[in-house]
Structures are given as structure tokens and as C-alpha cells.
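Structural overview
What follows is each chain in one-letter form.
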Amino acid sequence: NVKSWEGSRCSFGQVKGVPLLEPTVQNWELVENFRAQPDDLLIATYPKAGTTWTQEIVDLILNDGDAEKCRRAPTHKRMPFLEMFPVPPLESGVSQLDKMPSPRVIKTHLPIQLVPQSFWDNNCKVIYMARNAKDSVVSYFYFDRMNRIQPDPGPWDQYLHKFMHGQLCCGYWCDHVKGYWREKETKRILYLLYEDMKENPRDEVIRVMRFLEHSLPDDIIDRITELTSFSTMKENPMANYSTIPDSVFDRSVSTFMRKGEVGDWLNHFSPEESRLFDEHYEKMMSGTSIPFRTQL
Ligand code: A3P
């Protein structure tokens, strides 16, 4: 395990063929045997799809739009990261969750086949947020460069190849987004798209609120929409990961709240990279109907 917030980069291990950080693999038994409770809410994403954004929306809804309550602690303490290994002084996600009173909101990046069985046995609600592949890989590249715990991303062209071939943490993007999409009719999964959220955040906040069986007046819904805008969250130290030390998040490379846009991939993909990516994407995603958009 990582001994302290020194920012030593991890290597990859595997669980059932899915690449995960080595310390997660070492802790796997604890994650697999995690005991979910019926009122747990799981927020699941492929990395960089807008997890933190979704978490903030959920916490504000559950707290009736009370901004002060939602500033009680940073995101990763309010809604622990299930498969996160201990990085002292932080305990593992599972240890934090074991001590947490219900109802708990839990973050995961695990593909659906690795989600602990107890979530399904308890018929827990899941909110899945997905983001188009091209913006996801760009965001992931910046994150892997700045987060000194993540394996070394290498240069962009090689990184793009690794993303396309499922060699980054959490494996294939395609398998991840398709896995939750397939199960959304048989399990209690609300499937959200980053691009929809950008285009019309208020409508998506309402969808989340209804899924959580909450009812809030219009002015509170407006407030939640405003409090979870990119510009407001970027300034909120409890929602922008600014509490993570510089030794881990190298902010000279990028901030966590980087751009928050749809279509930033256009600034990073060469025309040839885009063509090859699209060709590969067509094959990987054939027969799927998830309405992704790469531009608004
Ligand atoms: P960019 O790197 O493209 O800026 P995650 O929370 O899953 O790690 O995702 C992080 C990505 O979501 C980053 O994308 C971040 O800027 C973006 N993000 C976070 N909060 C957001 C918000 N309120 N609105 C839009 N994008 C947001």
C-alpha cells in the first residue's frame, strides 16, 4: 500500500482481467466482500465522466440545497470511494464506509461486473454518469499526469492507444459504459450523460431528485443548479479537491477542475487520431444505442 501522501506512482494489477491500481488489487477481498445496505446509493462512473459533479448534485439534493451542510467535509470524505486503498492519513474507502452512518453515498469507478454483489442483493440505487469517449480520454490524460498516484501516462499518442485498448485503470471505456447501460432496465440504475448535464443542468438535477424520491421547490432546484455549475464548484474547496496535497496532485500540470467542457478533444486529437479513433469506436460500440454526443 501507499505509505503516505508522498505521491509515488502505482503500477497496475488486474481483477478478473480488468486493470486496477496494484494496491486496490491487494485490498480486493475487502472490496468484494463489502456489505452494502439497502439505503446505500452508489455513484458509478468511468474515471473523468463527471463523478464529482454528480456527487455534489446528490449531496445537495439530499441536504435540501443547504450549501453549508455540503461544505462539512471534502467530497472524498462525504462520499467515500469504495475501492480506494489507504493513503495515510486517509483510511481505505471500505474502512471509512464501515464507520459511516446510513444512508451512505458511495463512489466507485468499478465496471459493473466488479461491483460487490451485496449492492445487487440489496437492490441498491445506482446513479451512473457517462461522458463521451473523446472528452473522457483527454480529461483522463490530464488527470493521470497531475495525479502522482496514478501510473505514468506517457506521451499523448501512446496514452490514446492505451485508452482504446482498455489498458488504463478500470479497463475498456466501451465495456464500462455498455455494462451499466445493459443492466439499467433490470436494476435500479439512473443513467446520466455529461453532455445532457452541460446542456440542461436543471432538467438533469430534477431527474436525479426524482430518482432519489425527493421533492424540492423550484427555487431550491435553481440554487442546486447554480451551486453545481463548473465556475461555482471550481471555487468551492470542499468540492474541488484542493485539500489534496500538492505532493499528490501536481497543480503545475493541471487542476482537478480543469475545463469542464464538451468538445475539448478537438484541441487535442489530430485529424488522423480522430479518424482512427472513430473507426475503432464504431467497431467497439456497434449495436449500442447510448446517445453520446462529442459536441453540443
Ligand atoms: P475536465 O478535465 O474535462 O475539465 P471526475 O469527477 O469524474 O473525475 O471528472 C472530472 C471532470 O469533470 C473534469 O473534466 C472536471 O473539470 C469536470 N467537472 C467537474 N465538475 C464539473 C461541473 N460542475 N461542470 C462541468 N464539468 C465538471
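Residues numbered from 1 in each chain as written. Predicted model: local features only at pLDDT ≥ 70, side-chain atom pairs only at ≥ 80, totals over all residues. Heavy atoms only, no water.

1. Quick notes on the site of the ligand
Near the ligand lie 18 residues; those nearest to it are Thr-51, Thr-52, Ser-139, Lys-259 and Gly-260. Taking Ala-49, its main chain carries an N or O atom lying 3.3 Å from an oxygen atom of the ligand. Between the ligand and Arg-131, the relevant distance is 2.9 Å, taken from an oxygen atom to a side-chain nitrogen or oxygen of the residue. Look at the ligand: alone it shows 570 Å² of surface, and the protein chains cover 98% of it. (Near = heavy atom within 4 Å. Polar contact = N/O pair within 3.5 Å; in protein donor to acceptor, adjacent residues only side chain to side chain. Areas by Shrake-Rupley, 256 points an atom, 1.4 Å probe, with all protein chains shown as cover.)

2. Re the environment of Ser-252
Within the fold, Ser-252 resides in the loop between α13 (230-234) and α14 (271-284). In the structure, Ser-252 is positioned 106 residues away from Met-146 in sequence and 7.8 Å away in space, judged by C-alpha atoms. (Helix = DSSP H or I, 4+ residues; strand = E, 2+ residues; numbered from the N terminus.)

3. A look at helix α12 (residues 218-227)
A turn of α-helix holds 3.6 residues, and therefore any two residues three or four places apart point the same way. Buried within α12 are the following residues: Ile-220, Ile-221, Ile-224 and Thr-225. Each buried residue of α12 sits inside an arc of 140° when the element is viewed along its axis, so together they form one side. Exposed side chains of α12 directed beyond 90 degrees from the buried face belong to Asp-218 and Asp-219. The inward-facing, buried residues of α12 contact α3 (51-62) and α11 (201-211). (Buried < 20%, exposed > 50% of the residue type's maximum accessible area, 1.4 Å probe, protein only. Arc of directions from axis to C-beta. Contact = heavy atoms within 4.5 Å.)

4. What about the pairing of strand β4 (residues 105-108)?
Side chains of β4 alternate between two faces, with Val-105 and Lys-107 and Ile-106 and Thr-108 buried alike. Relative to β4, strand β3 (residues 41-45) runs parallel, the two sharing 4 bridges. The residue of β4 that forms the bridge with Ala-44 is Thr-108. (Pairing = 2+ DSSP bridges.)

5. Examining α3
The terminal C-alpha atoms of α3 lie 16 Å apart, and with 12 residues this matches the ideal 16 Å at 1.5 Å per residue to within 8%. Across the 12 residues of α3, 11 count as buried, placing the element largely inside the fold. Of the positions making up α3, those classed as buried are Thr-51, Thr-52, Trp-53, Thr-54, Gln-55, Glu-56, Ile-57, Val-58, Asp-59, Leu-60 and Ile-61. Just past α3, the residue Asp-64 takes up positive phi, approximately 50°. (Expected span 1.5 Å × (residues − 1).)

6. Some thoughts on the packing of aromatic side chains
Enumeration according to the criterion identifies 23 aromatic pairs in this entry. Arranged with centres 5.8 Å apart and planes meeting at 35°, the rings of Trp-173 and Tyr-281 form a pair that is tilted. Here Tyr-281 lies in helix α14 and Trp-173 lies in helix α9 (residues 173-183), a separation of 108 residues in the sequence. Lying across the ring of Tyr-142, Arg-258 places its NZ or CZ 4.4 Å from the centre. (Phe/Tyr/Trp six-rings, centres within 6.5 Å; stacked < 30°, edge-to-face > 60°. Lys NZ or Arg CZ within 6 Å of the ring centre and 35° of its normal.)

7. A few points about unusual backbone geometry
Looking along the chain, the bond that leaves Pro-88 and enters Pro-89 is cis, with omega of 10°. Within the secondary structure, Pro-89 is located in the loop between α4 (75-78) and α5 (93-98). Across the junction of Ser-102 and Pro-103, the peptide omega takes the value -5°, indicating a cis bond. Tracing the backbone through its elements, the reader meets Pro-103 in the loop between α5 and β4. Of note, Lys-48 is a non-glycine position whose phi angle comes to about 75°, a positive value. As for its position among the elements, Lys-48 is in the loop between β3 and α3. For Asn-123, which is not glycine, the phi torsion reads 55° and is therefore positive. Position of Asn-123 among the secondary structure elements: in the loop between α6 (117-121) and β5 (125-130).

8. Some thoughts on the sheet that holds β4
Strands sit in the order β4-β3-β5-β6 across an open sheet of 4 strands; the sheet is parallel. In the strand order of this sheet, the two ends are held by β4 and β6 (189-193), each with one partner. Shown here is a sheet whose adjacent strand axes are inclined to one another by a mean of 20°, direction ignored. Along the sheet, α3 contacts β3, β4, β5 and β6; its crossing angle with β3, the most-contacted strand, is approximately 160°. (Axes fitted to C-alpha atoms, helices over the stretch in contact; angles between N-to-C directions.)

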